[in-house]
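The lines below spell out each chain.
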Amino acid sequence: MKNVLVIGSTGQIGSELTMKLRREIPGGVTVAGYIPGAEPKGALLESGPAEQADVCDAKQIAAIVEKYDIDAIYNLAALLSATAEKKPLLAWDIQMNGLINILEVAREKRCAVFTPSSIGSFGPSTPHDNTPQDTIQRPTSMYGVTKVATELLSDYYFHKYGVDTRSVRFPGLISYTTLPGGGTTDYAVEIYYAAVKGETFVCPIAPGTYMDMMYMPDALRAAVQIMQADPDKLVHRNSFNIASMSFDPETIFQAIRKEYPDFRIRYEVDPVRQGIADSWPDKMDDSCARAEWGWKPEFDLESMTADMIMHLKEKLL
Ligand code: AKB
């Protein structure tokens, strides 16, 4: 992995991943791909090249790959789960038609491809505790449908054409840099903003709803590490369970209250998000990722909370 194209470089993952790749891959170039209305700014714009890169425009992607001699594509374009329920056709277009465009370009130009999957690829009939790597995947959300199809199509291109596709199933991701938008797990980011701003947090997810979550630095390490893993050791490819912590709204609320004893929470459950959350695993088993490419998270709820609060104080106060 030397010359990389990040599609969706201004999103929650892309904005930090692009900067990490620019810092950590010597002698190469990382192109920040964006769509109109979501142009890179500040350090993201100044630290390397940026190109308009719409997944729905295969010719545009092929031209960028050619221009920069790209050998790896991070395909991060997606509508998250709650938004995808509101706009299922658009979600299908971006996540599936976009994906096949990327895979075709990768087949022709011999690029590796990372397209994230998610805890959303599981559904109500999946075992919820210690969800195995290989298990039932019958999601009931459009987001989940596209994630399962992404895993299958990515594996298909590997087996049929030898395209080096790899990926992880991300938990809900928590970060202080760029806000997520339209996800079921977004509450676990928003709760920190409310605490630091001194506001009561209105939680759309009911107490007792456990989901896998992960701090962004761990997620970024996973995204880079899987693409650098020895291919001979990979039994699986699309996609690996990765886990670091699992909690419900009460648990994260109590963790934040250690720093902000006056912090308050009120529950106004959103039936769409709650329905999705109830269908997802409580906690995944990530032993295959650990065994096949050395996955190991560094952050737990306590250390993430301390880091989030420290950075949000700098950002917001
Ligand atoms: C969402 O909530 O939709 C995402 C995800 C878990 O994939 N954060």
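What comes next is a walk through the structure. (Residues numbered from 1 in each chain as written. Predicted model: local features only at pLDDT ≥ 70, side-chain atom pairs only at ≥ 80, totals over all residues. Heavy atoms only, no water.)

## Some points on the pairing of strand β4 (residues 72-75)
Burial along β4 is two-sided: the face carrying Ala-72 and Tyr-74 and the face carrying Ile-73 and Asn-75 are both buried. The pairing of strand β1 (residues 4-7) with β4 spans four bridges and is classified as parallel. Directly across from Val-4, in β4, lies its bridge partner Ala-72. Sheet analysis places β4 next to strand β5 (residues 112-114), joined by three bridges and oriented parallel. When the sheet's bridge partners are listed, Tyr-74 is paired in β5 with Phe-114. (Buried < 20%, exposed > 50% of the residue type's maximum accessible area, 1.4 Å probe, protein only. Helix = DSSP H or I, 4+ residues; strand = E, 2+ residues; numbered from the N terminus. Pairing = 2+ DSSP bridges.)

## Details of the site of the ligand
The environment of the ligand is formed by Leu-80, Ser-81, Ser-118, Ile-119, Tyr-143, Gly-183, Thr-184, Thr-185 and Trp-280. Contact distances for the ligand include 2.7 Å between an oxygen atom and a side-chain N or O atom of Ser-118. Here an oxygen atom of the ligand and a side-chain polar atom of Tyr-143 are 2.6 Å apart. For the ligand, whose unbound accessible area comes to 260 Å², protein coverage reaches 94%. Along the lines of polarity and charge, the residues of the shell around the ligand split into four nonpolar, five polar and no charged. (Near = heavy atom within 4 Å. Polar contact = N/O pair within 3.5 Å; in protein donor to acceptor, adjacent residues only side chain to side chain. Areas by Shrake-Rupley, 256 points an atom, 1.4 Å probe, with all protein chains shown as cover. Nonpolar A, V, L, I, M, F, W, Y, C, P; charged D, E, K, R; others polar.)

## Thoughts on the packing of aromatic side chains
Summed over all chains, the structure comprises nine aromatic pairs. Where Trp-293 meets Trp-295, the ring centres are 6.2 Å apart and the plane angle is 45°; that geometry is what we call tilted. Given a relative accessible area of 8%, Trp-293 falls into the buried group. The exposure class assigned to Trp-295 is buried, which follows from its relative accessible area of 2%. When the ring centre of Tyr-161 is taken as origin, the NZ or CZ atom of Arg-107, which lies over that ring, is 5.0 Å away. The ring centre of Phe-158 lies 3.8 Å from the NZ or CZ of Arg-237, which sits over that ring. (Phe/Tyr/Trp six-rings, centres within 6.5 Å; stacked < 30°, edge-to-face > 60°. Lys NZ or Arg CZ within 6 Å of the ring centre and 35° of its normal.)

## Observations concerning the pairing of β1
A regular strand places its side chains so that they alternate between the two faces of the sheet. Side chains Val-4 and Val-6 of β1 all project onto a buried face; the interleaved residues Leu-5 and Ile-7 project onto the opposite face, where all are buried too. Of the pairings in the sheet, the one linking β1 to strand β2 (residues 30-34) comprises four bridges and is parallel in character. Pairing of Val-4 across the sheet is with Thr-30, part of β2. Crossover β1 to β2 through helix α1 (residues 14-24) is right-handed. (Right-handed = clockwise from strand over helix to strand, strands pointing away.)

## Considering the sheet that holds strand β8 (residues 165-166)
Pairing is parallel across the open sheet formed by six strands, whose spatial order is β3-β2-β1-β4-β5-β8. In this open sheet, the two strands that pair with only one neighbour each are β3 (50-52) and β8. With two bridges connecting them, β5 and β8 associate as parallel partners. Directly across from Val-113, in β8, lies its bridge partner Thr-165.

## Details of the nonpolar core
By size, the foremost hydrophobic cluster in this structure holds 65 residues, and its most contacted members are Ile-174, Tyr-187, Tyr-192 and Phe-247. Per-element tally for this core: the top contributor is helix α7 (residues 187-197), with nine residues. Contacts of Ile-174, omitting those with residues within four sequence positions, involve Gln-12, Ala-188, Val-189, Tyr-192, Met-213, Met-214, Tyr-215, Met-216, Phe-247, Met-304 and Met-308. (Core = buried A, V, L, I, M, F, W, Y, C linked by side-chain atoms within 4.5 Å. Contact = heavy atoms within 4.5 Å.)

## Examining unusual backbone geometry
Here the bond from Asn-238 into Ser-239 is cis, since omega is 25°, no more than 30 degrees from zero. For Ser-239, the location among the structural elements is in the loop between α8 (216-228) and β13 (240-241). Here Asp-69, not a glycine, exhibits a phi torsion of approximately 50°, which is positive. With respect to the element layout, Asp-69 can be found in the loop between α3 (58-68) and β4.

## Some points on the pattern of salt bridges
Scanning all chains against the criterion turns up 14 salt bridges. For the salt bridge of Lys-109 with Glu-66, the shortest nitrogen-to-oxygen distance reads 2.6 Å. Of this pair, Lys-109 sits in helix α5 (residues 88-109) while Glu-66 sits in helix α3, and the two are 43 residues apart along the sequence. (Salt bridge = Lys/Arg side-chain N within 4 Å of Asp/Glu carboxyl O.)

## What to know about the environment of Glu-108
Of note, Glu-108 is situated in helix α5. You can call Glu-108 exposed: its relative accessible area is 56%. On a C-alpha basis, the gap between Glu-108 and Lys-147 in space is 24 Å, while along the polypeptide they are 39 residues apart.

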